[in-house]
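Chain and residue survey
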Amino acid sequence: MLLKMITVISLVVLLVSGCGAHIQCSQTELETEKQLRELRGIVLELRGKMADTQKELQAVKAHNRVISEELADVKTRLAASETRVKDLVEMLNIAQEVKLTAVKNRLAATETEVMNLKKTIEKPKVAFSAGLTNSGYVVAPSRNAELNLIFTKLITNVGQAYSSTTGFFTAPVRGVYFFRFTVMDILNSRLMFIKMFKNGQQIVHLGEYDTDGHITYLSSGVTLQLEVGDVVNMRLPAGTRLYDDVGNHNIFSGFLLFVV
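All figures in this text were calculated on a predicted structure; none of them were measured in a lab. (Residues numbered from 1 in each chain as written. Predicted model: local features only at pLDDT ≥ 70, side-chain atom pairs only at ≥ 80, totals over all residues. Heavy atoms only, no water.)

Quick notes on the nonpolar core
The biggest cluster of nonpolar side chains holds 33 residues, and the ones touching the most others in it are L149, F169, Y177, F179, M196 and F252. Of all the secondary-structure elements, those providing two or more residues to this core are β1 (127-131), β6 (175-187), β7 (190-198), β9 (214-226), β10 (231-236) and β12 (251-259). Among the elements that make up this core, the one with the highest residue count is β6 (5 residues). With residues near it in sequence (within four places) discarded, F169 still touches V126, F128, A161, Y162, Y177, F179, L226, D230, V231 and V232. (Core = buried A, V, L, I, M, F, W, Y, C linked by side-chain atoms within 4.5 Å. Buried < 20%, exposed > 50% of the residue type's maximum accessible area, 1.4 Å probe, protein only. Helix = DSSP H or I, 4+ residues; strand = E, 2+ residues; numbered from the N terminus. Contact = heavy atoms within 4.5 Å.)

Pasting the structure below:
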């Protein structure tokens, strides 16, 4: 539109110039004035149109600025929304992770409780007590060897883990056991000893000496963790003796505390 107006103005100028020369040469002054008035009207009309066009252009520019501002505002809100969504997703992930951890912890605790309950339910019942003999003195036959003591008088043998034939207790399950013993002799200037062994390894060794000819007791207990098949037994050191009768002065006992 603007280009068209410029073209028209240029033609008007040329016509004015041409007409001036022609008036001088061939036309009257009256015709010249008429043509000039017409040309002035065209110019004024074109100026008005140019002004309207400029106003429209300014309005378009202003509208574009508003659109640009609105677009920038939309971009800002969109960026804020994306940040908010990202934060919400992160918070959701953290919350889910916390819940998952809590669930895992509860599951682990439940599994532990189930295992403990299972061990309690499946815990074998193991307990024994046995007296040594009714025959009086039991003497280690040689000063160079220890005597394996066989407590032959079964009092209790739940689980059949103690053998009154061999004198050995054999662990039926992996667990923690408690063992206790009491032995007796009549000491008249004599030494008295007793030993406990686990798998051939000495665990306890007690001794006593007395001269009054009265009854003397030795007693002790120990807690042992045993694997399946481990054995525990009592031994009388070489050159020593014990005394027992129907009073059961010598007792070897043990029982399972818990499985592991």
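Let us keep going from here.
Remarks on the side chain of R241
When you line up the elements, R241 lands in strand β11 (residues 241-244). A distance of 3.2 Å separates the side chain of R241 from the side chain of D185, its partner in a polar contact. Side-chain polar atoms of R241 contact the backbone oxygen of I186, separated by 3.1 Å. (Polar contact = N/O pair within 3.5 Å; in protein donor to acceptor, adjacent residues only side chain to side chain.)

Focus: the pairing of β12
In the sheet, β1 pairs with β12 via 5 bridges, with the strands oriented antiparallel. Across the sheet, the residue bridging to A127 is F255, located in β12. (Pairing = 2+ DSSP bridges.)

Considerations on the pairing of strand β8 (residues 201-210)
Here β7 runs beside β8; their pairing, made up of 9 bridges, is antiparallel. Each residue of the ladder has a partner; that of I194, found in β8, is L206.

Section: the sheet that holds β6
One open sheet accounts for 5 strands, arranged β4-β1-β12-β6-β9; its pairing is antiparallel. Each edge of the open sheet is held by one strand with a lone partner, namely β4 (153-158) and β9. This sheet shows a mean twist of 10° between the axes of neighbouring strands, independent of strand direction. Note: β6 against β12, 8 bridges, orientation antiparallel. Considered in β12, the bridge of T182 is made with I251. (Axes fitted to C-alpha atoms, helices over the stretch in contact; angles between N-to-C directions.)

Some remarks on the side chain of N233
Mapped onto the fold, N233 is located in strand β10. For N233, a relative accessible area of 1% corresponds to the buried category. Separated by 2.8 Å, the side chains of N233 and N148 make a polar contact. Residues contacting N233, with those up to four places away along its chain left out, are N148, G167, F168, K195, M196 and F197.

Let's talk about a nonpolar patch on the surface
A grouping of F255, L257, F258 and V260 is seen on the molecular surface, where their side chains present a nonpolar patch of about 310 Å² in accessible area. Mapped onto the elements of the fold, V260 is located in the segment after β12. The partly exposed category is assigned to V260, whose relative accessible area is 34%. (Patch = residues over 30% accessible without salt bridge, like charges linked within 9 Å, V, L, I, M, F, W, Y side chains within 5 Å. Areas by Shrake-Rupley, 256 points an atom, 1.4 Å probe, with all protein chains shown as cover. Salt bridge = Lys/Arg side-chain N within 4 Å of Asp/Glu carboxyl O.)

Quick look at the pattern of salt bridges
Counted under the stated rule, the structure contains 5 salt bridges. A salt bridge links R77 to D73; the shortest N-O distance between them is 1.7 Å. Of this pair, R77 and D73 both sit in helix α2 (residues 29-122), 4 residues apart, which is roughly one turn of that helix. The class of R77 is partly exposed, set by a relative accessible area of 47%. Given the relative accessible area of 36%, D73 is considered partly exposed. Between R174 and E227 there is a salt bridge, with its nearest N and O atoms 3.0 Å apart. With R174 in the loop between β5 (169-170) and β6 and E227 in the loop between β9 and β10, the pair connects residues that are 53 residues apart, well separated along the chain. When salt bridges with common partners are traced through the structure, they connect E146, K195 and R235 into a single cluster.

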